Amino acid sequence: MTLSISPDDIRSQLINTEAKAPVSDEDMRQAVRTLLLGLGEDPDREGLRDTPKRVVKALKFLTSGYHQSLDELLNGAVFHEDTNEMVLIRDIDLFSSCEHHILPILGRAHVAYIPNGKVIGLSKIARICEMYARRLQVQERLTQQIANALQGLLQPQGVAVVVEASHMCMVMRGVQKPGSWTVTSSMQGVFADDARTRQEFMDLIRHSPSFH
């Protein structure tokens, strides 16, 4: 099976190629040490001595989606199936990082598609969400990337994605508005063209946002 490569994956590969050569882990640790000094801290005191190493390790994990591709993630889990009923996975936990402040984005995704001869392993939908979330993001782009990935992989009758998230850059700094949620959506195919199909999806995911 040949998988289509999305523009987002090409962009990610280009970023990795450009960034791979000149920056070592030691360079990154020194950058964190410089930040600590700029904040007025002593990076040599006991509590901070290993902080640069821990920060680099954490950031690499939180942005590990740059080093994943749809091809390796799917591992052949696309199957031919003669069904045309909606497939929906709701309340997929998302942990991402705002590209403007590198602060957490916490939320959930609801993803649906209507097959057109092919289905995907259910866990792979959650993994697609996770792959794109583990990059520096804006919520609008994250939502579109998830929808485009499924559209490209399955060519279904339609794809719908809704992401609800709380942005720590709004909660911890700036306007400081805890409890605020941002909702973004991407509707493609029959979800965009057929109001009844779109409404069925929205009714199925209707709930009050919460996160635990």
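Residue positions are given per chain, counted from 1 along the sequence in the order it is written. Only residues with pLDDT of 70 or above have their local features reported here, since the model is predicted, and side-chain atom pairs are shown and tallied only from 80 upward, although totals for entire chains, interfaces and linings are computed over all residues. Heavy atoms throughout the structure, all of them, feed into the side-chain values; hydrogens and water do not.

Per an unreviewed UniProt entry, the protein is named GTP cyclohydrolase 1, and its organism is Adonisia turfae CCMR0081. UniProt positions are given in the numbering used here, feature names are shortened, and annotations may be inferred rather than shown by experiment. Recorded in UniProt under Pathway (unreviewed entry), the annotation for the protein is "Cofactor biosynthesis; 7,8-dihydroneopterin triphosphate biosynthesis; 7,8-dihydroneopterin triphosphate from GTP: step 1/1." Taken verbatim from the UniProt record of the protein, the Catalytic activity (unreviewed entry) comment is "GTP + H2O = 7,8-dihydroneopterin 3'-triphosphate + formate + H(+)".

Undergrad: Help me understand the overall build of the protein, please; the structure alone is not making it clear to me.
TA: To qualify as a helix, a DSSP run of H or I must reach at least 4 residues; to qualify as a strand, a run of E must reach at least 2; elements of each kind are numbered from the N terminus. Within the protein, the secondary structure is distributed over nine helices and seven strands. Each residue's exposure class comes from its accessible area (1.4 Å probe, protein chains only) as a fraction of the maximum for that residue type: buried when under 20%, exposed when over 50%, partly exposed otherwise. Per-residue burial over the protein gives 40% buried out of 212 residues. What sets the accessible areas is the Shrake-Rupley method with a 1.4 Å probe; for residues, cover comes only from the shown protein chains. With an accessible surface of roughly 12,000 Å², the protein has 53% of that area assigned to carbon and sulfur atoms.

Undergrad: What should I look at first to understand the sheet that holds strand β5 (residues 136–137) in this one?
TA: Paired through their backbone hydrogen bonds, the strands of a sheet run either parallel or antiparallel. The pairing criterion for strands is at least two bridges between them, as found by DSSP. Taking strand neighbours across the sheet as the criterion, the five strands line up as β5-β2-β3-β6-β7 in an open arrangement whose pairing is mixed. The two strands at the open ends of the sheet, each matched to only one other strand, are β5 and β7 (182–189). With eight bridges joining them, strand β6 (residues 158–167) and β7 adopt antiparallel strand pairing. If you follow V162 over to β7, its bridge partner there is S185. Set on the sheet, helix α5 (residues 122–133) makes contact with β2 (87–98), β3 (104–114) and β5; between it and β2 the angle comes to about 20°. Packed onto the sheet, helix α6 (residues 139–154) meets β2, β3, β5, β6 and β7 and runs at close to 25° relative to β7. By definition, residues are in contact when any of their heavy atoms lie within 4.5 Å. Only the contacting stretch of a helix is used when fitting its axis, a line to C-alpha atoms as for every element, and angles between N-to-C directions run 0 to 180 degrees.

Undergrad: Looking at this model, I keep getting lost on the environment of Q151. Mind explaining?
TA: Relative to the helices and strands, Q151 is located in helix α6. For Q151, a relative accessible area of 24% corresponds to the partly exposed category. Distance in space between the C-alpha atoms of Q151 and Q188 is 8.1 Å, their sequence separation being 37 residues. Non-local contacts of Q151, meaning those with residues more than four positions away in its chain, are made with P156, V159 and Q188.

Undergrad: Any chance you could explain the environment of L74 here in plain terms?
TA: The topology assignment puts L74 in helix α4 (residues 70–74). As for L74 and I125, which are separated by 51 residues in sequence, their C-alpha atoms are 9.2 Å apart.

Undergrad: Explain the pattern of salt bridges here, please?
TA: For side chains of opposite charge, pairing can occur when their charged atoms come near one another. Note on definitions: salt bridges are taken to be side-chain nitrogens of Lys or Arg within 4 Å of carboxyl oxygens of Asp or Glu. For the structure shown, the criterion picks out 10 salt bridges. When the shortest N-O distance is used, the salt bridge between D25 and K60 registers 2.4 Å. Of this pair, D25 sits in helix α2 (residues 25–38) while K60 is found in helix α3 (residues 51–62), placing the two residues 35 residues apart along the sequence. Note on D25: relative accessible area 33%, which makes it partly exposed. For E26, the salt bridge identified is with R29, shortest N-O distance 3.1 Å.

Undergrad: Sorry, what's going on with the side chain of S166 here?
TA: Relative to the elements of secondary structure, S166 occurs in strand β6. Apart from the residues lying within four places of it in its own chain, the contact partners of S166 are P104, I105, L106, V171, S180 and W181.

Undergrad: Teacher, can you tell me more about the pairing of β3 here?
TA: Two faces, one strand: in a regular strand the side chains alternate between the faces of the sheet. The buried count for β3 comes to nine of 11 residues, which makes it a mostly enclosed element. Bridging between β2 and β3 involves nine bridges; their strand directions are antiparallel. Within β3, the residue paired with I89 across the bridge is V111. Pairing geometry for β3 and β6, over 10 bridges, is antiparallel. The residue bridging I105 from the neighbouring strand is H167, located in β6.

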